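The residues making up each chain are set out below.
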Amino acid sequence: MKANLLTRATLVVTLILSAFPIYWMFVVATRSNDVVGMIPPPMLPGGNLGENLERLFATEDANFATGMLNSAIVATTVTLSVVILSSLAGFAFAKLRFRGRDGLLLTVLISMMVPLQQMGIIPLYIMMVKFGWVGELKAVIMPFLVNAFGVFLMRQYAVQAVPDELIEAARVDGCSTLRIYWSVVLPALRPAVAVLALFTFMQTWNEFIWPMAVLNQSNPTVQLSISALNGAHFQDYTLVFTGTALATVPLIAIFVLFGRQIIGGIMEGAVKA
């Protein structure tokens, strides 16, 4: 009983410590600059949210509305592509027999060990210049349409979640390989797909280094817009916090809407492991 109470108390304290910075960010976003240095800091929201939002979208240097729209387009496109291509590749590596399968899987695993974005940013940028994609959203979409982690995750989950007998039964019924993937494999992979989709969306939405290298302030993502706010209005903390809070809302909304499925997928994978 004491151990149970201690566990709950620890979880509550951890939750408070983790959530307080986010909560205080939203509090500052509803107030003016004079509260930023107050000790103790304000704990309740103020009445300046509308004014701060108006100033945020009126700041030409940040181009915040375009940044939010571009990030939504990029994150959604990359997430859909990663989920579809990774689940297809994972199914192939887990359940199909073809020449060179083990060698290709080894190549995928090796690519996971190398920080490709950090080490390959210069040659990748040269490629974008030669393609004429610098300054366009294609430059931040095309290099990330599939990733090795997604392929490995789908492969590992498909090995456990999709029985060989189920695939053989579908083949006996006359299903093609793509039909087996769509009707048999993809529903079984749904928990892992939810986890991969969340991680991919969050990573793409929060990406900063590569968009900074290939985009400009006339066509930014939301992270570049926030960076411009910090540069153009170094002392206007409420504006920066308002932009950061607004950029956080889609991530919170996705987790609230799909959190149960995501947590269920993680727990199901843990039980199977």
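Quick note: structure is the one above.
Computed from a prediction, not measured in an experiment: that's the story for all the values here. (Residues numbered from 1 in each chain as written. Predicted model: local features only at pLDDT ≥ 70, side-chain atom pairs only at ≥ 80, totals over all residues. Heavy atoms only, no water.)

**Section: the environment of Thr76**
For Thr76, the position within the fold is in helix α3 (residues 64-95). The class for Thr76 is partly exposed, based on a relative accessible area of 37%. Put simply, Thr76 and Thr204 are 128 residues apart on the chain and 8.8 Å apart in space, counted from C-alpha to C-alpha. At 2.7 Å, the side chain of Thr76 and the backbone oxygen of Ala72 are in polar contact. (Helix = DSSP H or I, 4+ residues; strand = E, 2+ residues; numbered from the N terminus. Buried < 20%, exposed > 50% of the residue type's maximum accessible area, 1.4 Å probe, protein only. Polar contact = N/O pair within 3.5 Å; in protein donor to acceptor, adjacent residues only side chain to side chain.)

**Some words on the packing of aromatic side chains**
All chains considered together, the criterion is met by six aromatic pairs. Ring geometry for Trp24 and Phe241: centres 5.8 Å apart, planes at 90°, overall edge-to-face. Taken together, the positions of Trp24 in helix α1 (residues 2-29) and Phe241 in helix α14 (residues 237-272) put the pair 217 residues apart, joining distant regions of the chain. Its relative accessible area of 18% is what places Trp24 among the buried residues. Since its relative accessible area comes to 23%, Phe241 is described here as partly exposed. Seen from their ring centres, Phe57 and Phe64 are 5.8 Å apart, and the 80° between their planes marks the pair as edge-to-face. (Phe/Tyr/Trp six-rings, centres within 6.5 Å; stacked < 30°, edge-to-face > 60°.)

**A closer look at unusual backbone geometry**
Even without being glycine, Asn63 reaches a positive phi, approximately 50°. If you trace the backbone, Asn63 turns up in the loop between α2 (49-58) and α3.

**A closer look at the nonpolar core**
Counting 33 residues, the largest nonpolar core has Phe91, Val140, Ile180, Val185, Leu189 and Val214 as its most contacted members. Of all elements in the fold, only α3, α7 (138-141), α8 (148-161), α9 (164-172), α10 (177-188), α11 (190-205) and α12 (209-214) reach the threshold of two or more residues within this core. Ignoring sequence-local partners within four residues, the contact set of Phe91 consists of Leu96, Ile167, Thr177, Ile180, Tyr181 and Val185. Core analysis: the next-biggest nonpolar cluster, separate from the first, contains 17 residues, Val222, Ile226, Ala247 and Ile254 among them. (Core = buried A, V, L, I, M, F, W, Y, C linked by side-chain atoms within 4.5 Å. Contact = heavy atoms within 4.5 Å.)

**Examining the packing of α9 against α10**
A packed helix pair is summarised by two numbers, namely the angle formed by the two axes and the spacing between the axes. Following both chains from N to C, one finds α9 and α10 inclined at 125°, their axes separated by 10 Å at the closest point. Regarding the angle of α9 to α10, the classification is oblique. Regarding α9 and α10, the two cross each other, and that crossing is right-handed. Counting all contacts with α9, which are made through Leu166, Ile167, Ala170 and Arg171, the residues of α10 involved are Thr177, Ile180 and Val184. Residues that form the contact of α9 with α10 fall into these classes: five nonpolar, one polar and one charged. (Axes fitted to C-alpha atoms, helices over the stretch in contact; angles between N-to-C directions. Parallel < 35°, antiparallel > 145°, perpendicular 65-115°, else oblique. Left-handed = near helix turned anticlockwise from the far one by under 90°. Nonpolar A, V, L, I, M, F, W, Y, C, P; charged D, E, K, R; others polar.)

**Thoughts on the environment of Thr221**
Tracing the chain through its elements places Thr221 in the loop between α12 and α13 (222-232). Spatially, the C-alpha atoms of Thr221 and Phe208 are 8.4 Å apart, while their sequence positions differ by 13 residues. With sequence-adjacent residues up to four places away left out, Thr221 is seen in contact with Gly67, Asn70, Ser71, Glu207, Pro211 and Leu215.

**Considerations on the packing of α10 against α11**
Running from amino to carboxyl end, α10 crosses α11 at an angle of 65°, the nearest separation of the two axes being 5 Å. Accordingly, the angle class assigned to the pair α10 and α11 is roughly perpendicular. Residues Leu186, Pro187 and Ala188 of α10 form the contact with α11, whose participating residues are Arg190, Pro191 and Val193. Residue classes in the contact of α10 with α11 are distributed as five nonpolar, no polar and one charged.

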